[in-house]
Amino acid sequence: MSDNRVIVFGGTGFLGRQVAKNLVAAGHDVLVVARNAPGATTGYRFRAIDVSGVRPGELAAMLAAERPAAIVNATGGKWGLTGRGLEASCVGATEAILTALAMTSLVPRFVHLGSVLECGLAAPDAPGAAAQRSSRPASEYDRFKLAATEAVLEAAAQGTVDPVVLRLANVTGPGVPPASLLGLVAGSLVEAARRGGHANIELTALDARRDYVDVRDVAEAIRAAIRVPGTTVPIAIGRGESVSVRTLVAMLVDISQVPATVVELPAPAAGAEDWTRVDLRPARELLGWTPRRTLSEAIGALWRHALEGDPVESR
């Protein structure tokens, strides 16, 4: 087993690209595995594999040949996916990797990227972190992410992996998925900037308050998770503050300096208050990690990247 080798599954998406970049900069031998090849590779190797569809024996042979010290599971993209496609992305890919690992003698560090929404949405007066509440996933995506996390923890109980599960808050920054809220806003602003016009942006009511964290900070948390002792206690990753989504959209418009009108359409139906905030104490204590970048820095990097015209998938 190479102590320096890391395989990043889903390493061509929004999160995965930043993870691979961060690990390469830290001197790791990185192999990125994903369905589609990136436009260019910088310092890492690449293999095109659809992990949710490949035969387990083929994937096991690749893992046995590579003998990674760590695996980062950045699969689980949701944009444009529903039903079986979403399940394959969030659950099927994770289960395929775990099944293949069980066919080898390897027990690598397995950094799994989950979501704070596996535990549902918090109420504004709820103490502590979303990750510390009972699991109450609300959406199809959240339920599938929870199932993937449970599969990783079951594999850990069976001795197949040495886990660190990171439950991520909303992630933003350079390369944000074009279909995400801030990605859609950035796309409209870029289009208006290029034609020298005014952006008219219609969005569903921006009443949510969410914990947003820079993707580059998340990549640093993942690198930290490779170094520390494994744990079966999921660790929440965010900024530890709840921010109005309306404020973030206004910040993006302001940073872009593109004339714009944002119109909020009525929400389809009233529901539970959409509010998240993570408790950073476990991340500080177990990973030695805290976020370094402000939301203004994250949104500024998002805008500069959007102007360069290099959209990527969500994971």
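Since the model is a prediction, treat every value here as computed from it, not as a measurement.

Draft legend 1. Focus on the overall build of the chain. Along its length, the chain carries nine helices and 13 strands. Considering only intrachain contacts with a sequence separation of at least 6, the fraction spanning at least 24 residues in the chain is 80%. As displayed, the chain has an accessible area near 13,500 Å², and 49% of this comes from carbon and sulfur atoms.

Draft legend 2. Looking closely at the side chain of Arg210. Along the chain, Arg210 falls in strand E9 (residues 209–210). On the accessibility criterion, Arg210 (12% relative accessible area) is buried. Within the local environment of Arg210, its side chain forms a polar contact with the side chain of Asn170, the two groups lying 3.1 Å apart. Of note is the side chain of Arg210, whose polar atom sits 2.4 Å from the side chain of Asp274.

Draft legend 3. Looking closely at the confidence of the model for the chain. Per-residue pLDDT for the chain has a mean of 89; in total, 87% of the residues score no lower than 70. A low-confidence stretch, residues 311–315 (pLDDT under 50), is modelled with 33 contacts involving residues beyond four sequence positions or located in other chains.

Draft legend 4. Quick peek at the pairing of strand E5 (residues 109–115). A large share of E5 lies buried, amounting to seven of its seven residues. Residue alternation in E5 divides its side chains into two sets, Arg109, Val111, Leu113 and Ser115 and Phe110, His112 and Gly114, and both sets are buried. Where strand E4 (residues 68–73) meets E5, four bridges bridge the pair, whose relative direction is parallel. Residue Asn73 lies in a different strand from E5, and its bridge partner there is His112. As paired strands, E5 and strand E6 (residues 162–168) are joined by seven bridges and run parallel to one another. Bridge pairing links His112 to Val165 in E6.

Draft legend 5. Examining unusual backbone geometry more closely. Backbone geometry places Arg67, a non-glycine residue, at a positive phi of 50 degrees. As for its placement among the helices and strands, Arg67 is situated in the loop between helix H2 (56–66) and E4. For Gln257, which is not glycine, the phi torsion reads 60 degrees and is therefore positive. Mapped onto the fold, Gln257 is located in the loop between helix H7 (245–256) and strand E13 (260–265).

Draft legend 6. Spotlight on helix H6 (residues 215–227). The end-to-end C-alpha separation of H6 is 19 Å, in line with the 18 Å expected for 13 residues at 1.5 Å each. Counting buried positions over the 13 residues of H6 gives ten, a clear majority of the element.

Draft legend 7. Seen up close, the pairing of E6. A large share of E6 lies buried, amounting to six of its seven residues. In this structure, E6 lies alongside strand E11 (residues 235–237), joined through three bridges in parallel fashion. Bridge pairing links Leu168 to Ile237 in E11.

Draft legend 8. Region of the structure containing the packing of H7 against helix H9 (residues 295–308). The interhelical angle for the contact between H7 and H9, taken along N-to-C directions, is 55 degrees, at an axis separation of 10 Å. In this view, H7 runs oblique relative to H9, as classed from their interaxial angle. As H7 packs across H9, the resulting crossing turns out to be right-handed. On the side of H7, the interface is formed by Leu248, Met251, Leu252, Ile255 and Ser256, while H9 contributes Leu295, Ser296, Ile299, Gly300, Leu302 and Trp303.

Draft legend 9. Representation of the environment of Arg17 within the structure. With respect to the helices, strands and loops of the structure, Arg17 is situated in helix H1 (residues 14–25). You can call Arg17 partly exposed: its relative accessible area is 28%. Remark: the alpha-carbon pair of Arg17 and Arg216, spanning 199 residues in sequence, is separated by 10.0 Å.

Draft legend 10. Just the nonpolar core, in detail. Formed by 64 residues in total, the largest nonpolar core has its most connected members in Leu166, Leu189, Ile237, Leu252 and Leu287. Here this core gets eight residues from one element, more than from any other, and that element is H6. Apart from residues lying up to four places away in sequence, Leu287 is in contact with Val164, Leu166, Ala221, Ala224, Ala225, Val228, Ile235, Ile237 and Pro282.

Draft legend 11. Quick peek at the environment of Asp211. With respect to the element layout, Asp211 can be found in the loop between E9 and strand E10 (212–214). Along the chain, Asp211 and Val116 lie 95 residues apart, while their C-alpha atoms are 9.7 Å from each other. Leave out the neighbours within four places in its chain, and Asp211 touches Ala169, Asn170, Gly238, Arg239, Gly240, Glu241, Thr276, Arg277 and Val278.

Draft legend 12. The pattern of salt bridges, seen in detail. Applying the stated criterion across every chain yields a total of 16 salt bridges. In this structure, Glu118 engages Arg167 in a salt bridge whose closest nitrogen and oxygen atoms are separated by 2.9 Å. With a gap of 49 residues between them, Glu118 in the loop between E5 and helix H4 (140–157) and Arg167 in strand E6 connect regions that are remote in the sequence. Comparing Glu118 with Arg167 shows no difference in burial state: the two are buried. Residues participating in the shared-partner salt-bridge network are Arg5, Asp29, Arg45 and Glu66.

Reading the values: the criteria
- Residues numbered from 1 in each chain as written.
- Predicted model: local features only at pLDDT ≥ 70, side-chain atom pairs only at ≥ 80, totals over all residues.
- Heavy atoms only, no water.
- Helix = DSSP H or I, 4+ residues; strand = E, 2+ residues; numbered from the N terminus.
- Contact = heavy atoms within 4.5 Å.
- Areas by Shrake-Rupley, 256 points an atom, 1.4 Å probe, with all protein chains shown as cover.
- Buried < 20%, exposed > 50% of the residue type's maximum accessible area, 1.4 Å probe, protein only.
- Polar contact = N/O pair within 3.5 Å; in protein donor to acceptor, adjacent residues only side chain to side chain.
- pLDDT = per-residue confidence, 0-100.
- Pairing = 2+ DSSP bridges.
- Expected span 1.5 Å × (residues − 1).
- Axes fitted to C-alpha atoms, helices over the stretch in contact; angles between N-to-C directions.
- Parallel < 35°, antiparallel > 145°, perpendicular 65-115°, else oblique.
- Left-handed = near helix turned anticlockwise from the far one by under 90°.
- Core = buried A, V, L, I, M, F, W, Y, C linked by side-chain atoms within 4.5 Å.
- Salt bridge = Lys/Arg side-chain N within 4 Å of Asp/Glu carboxyl O.

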